[in-house]
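Chain by chain, the residues:
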Amino acid sequence: MEKSGEELFQLAEYYNAKNWETSDQEASYKYRQQAIELYKQAAEKGDYAPAFFALYQVYLSGDCIKVDQEKALFWLKKAVDHEDTDALYQLAQNDLYSGSLEHEQAFLLYLSLAEKNHLDAISTLAYLYLQGIGTHINEKDAKKWFLKAADLQENADNLFYVAYDYEVGNLNTDQATESYEQAVEYYQEAVKRGHIEAKTHLAFLYMAGLGVEKNVKEAFYLHQQAASQGQIFSQYLLGLCYQQGLGITQDIEKAHYWYRQACTQINHINGFELWSSY
C-alpha cells in the first residue's frame, strides 16, 4: 500500500533521529541521505505541510545536500501557504530581523501563533510586548505570555532573565523603584516554579528592601533554600546571615559551615581568607 505524505515524513524523522544517535560518520551520512530522500517524497505528495518545512531546512542548511536558497524559499512559502506553524514562525522571524515587513505585521504573526500555543512564538510575543516592538509597550500582556510560556515549557528561565533585566535597569522604566518592583514580581513567579538563582536574587532584594518591604527573615529563608540546592552565592550569604544574625539567631559554627560549602565550589579561594574577610 502506498504511503501517505505524513507516513513518509514520520519515516524520514526516524532516519533523521538515527543520524543524530550514531557516532559512526559513514552510517550518519547514510541515515541523513535516507531522511532527505523521504522528506522529498513526503513533500511531493503535496498534502503534508511539515514535510515542506523540513525541505526548507534541508536546502537552507546544506547538510548532505547543496545549499539552494531558491528551493529553500519555495518550500518555506509552500509550508506557509498550508499554515504550518513552524513555517509561519520562521517567516515572522525573517520579517522581524530582516525588515522585509513592518514590525506590526511580524507582531500579528507571533500573536496568531502564540494563540495556537506555539512555544517559541509565545516567548517572542512576550518580549515584543515588553519592548514595544510592533505594538505598544504592555507590561501586563508581556507578563501574561511569559507566565504561559513558563508553564507550558515547565521552565522559568525567561521569567528570571526578565526579572534580572528589571533589577539591573536594562528595561525601560522611568523610576528605579518601579523597576525593582517589577523585578520582585518576576522573581517571585520564577521562585514559585523552583528557579534556584531567582531565590538568590529575590533574597537580596528582600534583604535590601528594594522593590519590596525589607524582610531579613524572608531573605534568610530564600538563601537557605537556594544554598541547600547548591547555589554558591546563597551559600556564602547564608554564612553571612549566620555570622551576623540576620534573620536568624547568630551561629558561628553554621556560618563557618556555609562559608566552607561555598569555598569548595571556588577552588582558588582559601576558606580562611573568605572567612577572615568578614
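Preceding block: the structure.
How each quantity is defined
- Residues numbered from 1 in each chain as written.
- Predicted model: local features only at pLDDT ≥ 70, side-chain atom pairs only at ≥ 80, totals over all residues.
- Heavy atoms only, no water.
- Helix = DSSP H or I, 4+ residues; strand = E, 2+ residues; numbered from the N terminus.
- Contact = heavy atoms within 4.5 Å.
- Expected span 1.5 Å × (residues − 1).
- Buried < 20%, exposed > 50% of the residue type's maximum accessible area, 1.4 Å probe, protein only.
- Arc of directions from axis to C-beta.
- Polar contact = N/O pair within 3.5 Å; in protein donor to acceptor, adjacent residues only side chain to side chain.
- Salt bridge = Lys/Arg side-chain N within 4 Å of Asp/Glu carboxyl O.
- Axes fitted to C-alpha atoms, helices over the stretch in contact; angles between N-to-C directions.
- Parallel < 35°, antiparallel > 145°, perpendicular 65-115°, else oblique.
- Left-handed = near helix turned anticlockwise from the far one by under 90°.
- Nonpolar A, V, L, I, M, F, W, Y, C, P; charged D, E, K, R; others polar.

Peer 1: Can you explain the environment of alanine 126? Please cite residues and give values.
Peer 2: As for its placement among the helices and strands, alanine 126 is situated in helix 7 (residues 119-131). C-alpha of alanine 126 to C-alpha of alanine 79: the two residues are 47 residues apart in sequence and 25 Å apart in space. Beyond its immediate chain neighbours, meaning those up to four positions away, alanine 126 contacts Ala142, Trp145 and Phe146.

Peer 1: Talk me through helix 12 (residues 216-228); I want residue IDs and the actual numbers.
Peer 2: Helix length check: helix 12, at 13 residues, gives a terminal C-alpha distance of 18 Å against a target of 18 Å (1.5 Å per residue), a fit within 8%. Every buried residue belonging to helix 12 is among Ala219, Phe220, Leu222, His223, Ala226 and Ala227, and all of these are buried. Viewed end-on, helix 12 has its buried residues packed into an arc of 165 degrees, placing them on one side of the element. Exposed residues on helix 12 whose side chains face more than 90 degrees from its buried face are Lys217 and Ser228. Its side-chain oxygen placed 3.2 Å from the backbone nitrogen of lysine 217, asparagine 215 serves as the N-cap of helix 12. Looking one or two residues past helix 12, glycine 230 carries a phi angle of roughly 90 degrees, positive in sign.

Peer 1: Give a description of the side chain of glutamine 182 that names residues and reports values.
Peer 2: Mapped onto the fold, glutamine 182 is located in helix 10 (residues 176-192). Classification of glutamine 182 as buried rests on a relative accessible area of 17%. Within the structure, the side chain of glutamine 182 is placed 2.7 Å from the side chain of glutamate 139, a separation counted as a polar contact.

Peer 1: For the pattern of salt bridges, give the residues involved together with the corresponding values.
Peer 2: Under the counting rule described, the total for this entry stands at 7 salt bridges. With a closest N to O distance of 3.0 Å, lysine 143 and glutamate 185 form a salt bridge. Taken together, the residues lysine 143 in helix 8 (residues 139-153) and glutamate 185 in helix 10 connect sequence positions 42 residues apart. Between aspartate 151 and arginine 193 there is a salt bridge whose closest N-O contact spans 2.8 Å. Of this pair, aspartate 151 sits in helix 8 while arginine 193 sits in the loop between helix 10 and helix 11 (196-208), placing them 42 residues apart in sequence. Overall, the relative accessible area of 46% leaves aspartate 151 in the partly exposed class. Several salt bridges converge on common partners, so that one network encompasses Asp151, Glu189, Lys192 and Arg193.

Peer 1: Tell me about the environment of leucine 205, and name the residues and values.
Peer 2: Secondary-structure assignment places leucine 205 in helix 11. Separated by 28 residues in sequence, leucine 205 and phenylalanine 233 have C-alpha atoms that sit 14 Å apart. Leucine 205 has contacts with Glu167, Tyr180, Ala183, Val184, Tyr187, Leu210 and Val212, leaving out every residue within four places of it along the chain.

Peer 1: Residue-level account of the packing of helix 13 (residues 232-244) against helix 14 (residues 252-264), with values.
Peer 2: Put simply, helix 13 and helix 14 touch, their axes get as near as 7 Å, and they point 160 degrees apart. With respect to helix 14, the axis of helix 13 lies roughly antiparallel. In this structure, helix 13 meets helix 14 at a crossing whose hand is left-handed. Contact residues: Ile232, Gln235, Tyr236, Leu238, Gly239, Leu240, Tyr242 and Gln243 in helix 13; Ile252, Lys254, Ala255, Trp258, Tyr259, Gln261 and Ala262 in helix 14. Across the contact of helix 13 with helix 14, the residue classes break down as 10 nonpolar, 4 polar and 1 charged.

Peer 1: A description of unusual backbone geometry should follow, citing residues and the corresponding values.
Peer 2: The backbone of cysteine 64 shows a phi angle near 70 degrees, a positive value even though the residue is not glycine. Of note, cysteine 64 is situated in the loop between helix 3 (49-61) and helix 4 (69-81). The phi angle at asparagine 117 is positive, at roughly 65 degrees, despite the residue not being glycine. One can find asparagine 117 in the loop between helix 6 (103-114) and helix 7. A relative accessible area of 38% means that asparagine 117 is categorised as partly exposed.

Peer 1: Just give me the short version of the environment of phenylalanine 204, but keep the residues and values in it.
Peer 2: Note on placement: phenylalanine 204 falls in helix 11. Expressed as a C-alpha distance, the spacing of phenylalanine 204 and serine 234, which sit 30 residues apart in the sequence, is 9.4 Å. Discounting residues that sit within four places of it in the chain, phenylalanine 204 has contacts with Glu167, Leu210 and His223.

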